[in-house]
Amino acid sequence: MSQVLSKSPKHCGDKQGINVDKLYKKIFCSFSTLLLSILSLIFLVWLILHPSKPEFSLQEVNLYQLNLSGTHLLNSSIQLTLLSKNPNQKVGIYYDELQAYASYKGQQITVDTSLPPFYQGHEERNILTASLGGTGLPVASSFGYEVGRDQTAGKFVLSLKMNGRLRWKVGTWVSGRYRFNVNCISIMDFGPTIPSGPLSSKQGTQCSTTV
């Protein structure tokens, strides 16, 4: 009697399972290699281009009101003009969020004011303007004394601050959001008619920027 050799269904199933496992491993390895290559390329481009942080300079500040209501409530009105510059030759910047405010002697003297978002191309410059102000803002009881000292000295030192989030654009690739902060110092001549104002400065002071 002749014998017919055949494999049991169990053995066939085991071999098929092994083949499926190998196929999944190949797909996973291929996908991992592709993803690693893309990330390496992005990182290489980032290292080559290495975008410089944006530059800001204070063009003009007009202080129209800085009056105390009572002993510790402040009314203020300030007009601010900034020049924004993107120093990068191959990197654009998306400004998604922008907020500006003024402070004096470490005290915030205006509410946060939002500026419209915008895109800044390679080596592009933009003028930013904002009207800052506040009504009935609480300040320290020594605020009036500090203003009086500056009036006697003849100089009024005001801090203009801006913060927000930005994204870098390289070709068609856009980075995630990065928080940035801008700090500008304006030194104004302070005569006997101030703080009833107006007080102005057009120094073109360079601001410090951190990203």
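Anything mentioned here points back to the structure above.
Fair warning: this is a prediction, and the values are worked out from it, not measured in the lab.

### So, the overall build of the protein
If you tally the helices and strands in the protein, you get 2 helices and 13 strands. Within the protein, the fraction of its 211 residues that count as buried is 34%. Of the roughly 12,900 Å² that the protein leaves accessible, carbon and sulfur atoms contribute 57%.

### Considerations on the state of the cysteines
Evaluated as defined, the whole model comprises 1 disulfide. Here Cys 184 is linked by a disulfide to Cys 207, with a sulfur-sulfur distance of 2.0 Å. Judged by the sign of its S-S torsion, about 105 degrees, the cystine formed by Cys 184 and Cys 207 is right-handed. In this pair, Cys 184 sits in strand E10 (residues 178-189) while Cys 207 sits in the loop between strand E12 (205-206) and strand E13 (208-210), placing the two residues 23 residues apart along the sequence. Both residues of the pair, Cys 184 and Cys 207, count as buried.

### Quick word on a nonpolar patch on the surface
Together, Leu 23, Tyr 24 and Ile 27 line one region of the surface with nonpolar side chains, adding up to about 340 Å² of accessible area. Looking at where Ile 27 falls in the secondary structure, it is placed in helix H1 (residues 9-49). Overall, the relative accessible area of 49% leaves Ile 27 in the partly exposed class.

### A few points about the environment of Thr 129
With respect to the element layout, Thr 129 can be found in strand E7 (residues 125-138). Looking at Thr 129, the relative accessible area reads 48%, which means it is partly exposed. Linking Thr 129 and Val 61, residues 68 residues apart in sequence, is a C-alpha distance of 9.9 Å. Not counting residues within four places of it along the chain, the set of residues in contact with Thr 129 comprises Gln 79, Leu 80, Thr 81 and Leu 115.

### What about unusual backbone geometry?
The phi angle at Lys 105 is positive, at roughly 55 degrees, despite the residue not being glycine. Structurally, Lys 105 can be placed in the loop between strand E3 (92-104) and strand E4 (107-108). Under the relative-accessibility criterion, Lys 105 is labelled partly exposed at 48%.

Rules used throughout
- Residues numbered from 1 in each chain as written.
- Predicted model: local features only at pLDDT ≥ 70, side-chain atom pairs only at ≥ 80, totals over all residues.
- Heavy atoms only, no water.
- Helix = DSSP H or I, 4+ residues; strand = E, 2+ residues; numbered from the N terminus.
- Buried < 20%, exposed > 50% of the residue type's maximum accessible area, 1.4 Å probe, protein only.
- Areas by Shrake-Rupley, 256 points an atom, 1.4 Å probe, with all protein chains shown as cover.
- Disulfide = S-S within 2.5 Å.
- Patch = residues over 30% accessible without salt bridge, like charges linked within 9 Å, V, L, I, M, F, W, Y side chains within 5 Å.
- Salt bridge = Lys/Arg side-chain N within 4 Å of Asp/Glu carboxyl O.
- Contact = heavy atoms within 4.5 Å.

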